[in-house]
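Chain by chain, the residues run as shown.
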Amino acid sequence: MNDRAEAPSILRESAVIVFVNSVAGGGRARSYVAQFQKLFESFQVHAQFVMTSSAGELESSVQNSISQGQRVLFAMGGDGTFQALANAAFGAEALLGVLPVGGGNDFAAALGLPDDPVKAAEAILRGNQRFVDLVRVRTGEGRTRLYAGGGGIGLDAEAARYASGAYRWLPGRLRYIASALRALVGYVPIEVRIDFPGTDLISWEAKALLAAVLNSPTYGAGLRLAPGATLDDAWLHVISIGDIDTLGVLRLLPRLMGSGELRTSLLKRWRVSKVRLTTRKPSLFHGDGEILGPTPVEIEVVPRAVRVLAPGAP
C-alpha cells in the first residue's frame, strides 16, 4: 500500500498522540494497537500510542499532553472515549481524531467513518479538518460536561448503566438493545417537563419512556432517533418517547435491530439551541453512554466547538 502522500501534511509534520482506552469495546481496543501502528507508519505519520485503563485516566493524560504543547490528539475507543478527549481538549486549539473501536460509535458514524475500525483509521489518515458542535450540559449537582453525540434520561440512561457494566462484552447495537431490555424489568416511566428557554415553544409535560437530546442522528450504536441531525448544524435535536408498555417496546425491537428506526405516534421531536429537562423524581442523565449526573439538567449546543479530522471535502 502506497498511501503516504494522501495523509494531510499536519499529520506528517506533527507528533500525533493516540490515547487508547484499553477497556473500550469490551477490551477489543488493545487488539488493534499493533495494526494501527503499522497503518500510521505506512502513511508516514509518526504516532505515539498511550495506553490508559479508563476514560477518566485518558482525560487526565490528554490534559497533561496539552500542557506540554501537544496539539494533534486521537482517541481510540467509543463515544465515551471521544467525550473524554473533547472535554480535555476543549479550548486548546487542538486537532482531534477518533479511531472507533468502542461498543457504540455513533459520533464516528456521524462523521462518515466506516464501521470497520481499520477502514475508519485509513479514512482518518486521509481526512480533512472540519469543525463540529458539542453539547454542554449542567446537571442538578452543578457539574458541567460536554458530550458529542446523544444523551438523555429515562430508559436509555438506565440502559447505559448496563451497557457500561454487565453487558459491556456484547457487540454494537446488540449491547444496547440487551441493556434496554434488562432496564425494562421493573422500569417506571418518568414524569418529565421539557422547557425551551429563549423560544416561544410551549413546554411539554408527560410520562415518558425517555427524553433525549442529540447532536448526532443516532445513539445507542445506531438507534436513529434524530435522522435530520448533523454535527455542524448548531442545533439540538430533542426527542420524547411517551409511555410505551413492555409489550409495545418488544413490538418495536425487530425494526430497531434492523434499520435502527423508531416509528411510533408517541415520539415527539423539537429542534432548539437550548433545553431544560426537569423530572418529578430525580433521574440520571447520560451523555454518550456515560452517566453525567441528576436532573434537572440544562443543555445547550456549542457551535464549532472542536476541530476534528473527518472524511470528505475540506
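Attention here is on the structure that accompanies the text. (Residues numbered from 1 in each chain as written. Predicted model: local features only at pLDDT ≥ 70, side-chain atom pairs only at ≥ 80, totals over all residues. Heavy atoms only, no water.)

1. Quick notes on unusual backbone geometry
1) Next: Backbone torsion omega between threonine 295 and proline 296 reads 0°, so that peptide bond is classified as cis.
2) Next: Looking at the secondary structure, you find proline 296 in the loop between β14 (290–294) and β15 (297–310).
3) Next: Despite not being glycine, glutamine 44 has its phi angle at roughly 60°, a positive value.
4) Next: Along the chain, glutamine 44 turns up in the loop between α2 (29–42) and β2 (47–52).
5) Next: Unusually for a residue other than glycine, glutamate 93 sits at a positive phi of about 55°.
6) Next: Take glutamate 93: it is sitting in the loop between α4 (79–89) and β4 (95–100).
7) Next: Classification of glutamate 93 as exposed rests on a relative accessible area of 67%. (Helix = DSSP H or I, 4+ residues; strand = E, 2+ residues; numbered from the N terminus. Buried < 20%, exposed > 50% of the residue type's maximum accessible area, 1.4 Å probe, protein only.)

2. Structural notes on the pairing of strand β3 (residues 72–77)
1) Next: Taken across its six residues, β3 has six buried, putting it largely inside the fold.
2) Next: The two faces of β3 match: Val72, Phe74 and Met76 on one face and Leu73, Ala75 and Gly77 on the other face are all buried.
3) Next: The pairing of strand β1 (residues 16–21) with β3 spans five bridges and is parallel. The partner of valine 18 across the bridge, within β3, is phenylalanine 74.
4) Next: Across six bridges, β3 lies against β4 in parallel orientation. (Pairing = 2+ DSSP bridges.)

3. Considerations on the side chain of serine 42
1) Next: By the element assignment, serine 42 lies in helix α2.
2) Next: Among the residues examined, serine 42 registers a relative accessible area of 16% and is labelled buried.
3) Next: Within polar-contact distance, the side chain of serine 42 engages the backbone oxygen of leucine 39 at 2.7 Å. (Polar contact = N/O pair within 3.5 Å; in protein donor to acceptor, adjacent residues only side chain to side chain.)

4. Regarding the environment of valine 188
1) Next: Checked against the element boundaries, valine 188 lands in the loop between α8 (172–184) and β8 (190–195).
2) Next: You can call valine 188 exposed: its relative accessible area is 61%.
3) Next: Taking C-alpha positions, valine 188 is 9.4 Å from lysine 207, a pair spaced 19 residues apart along the chain.

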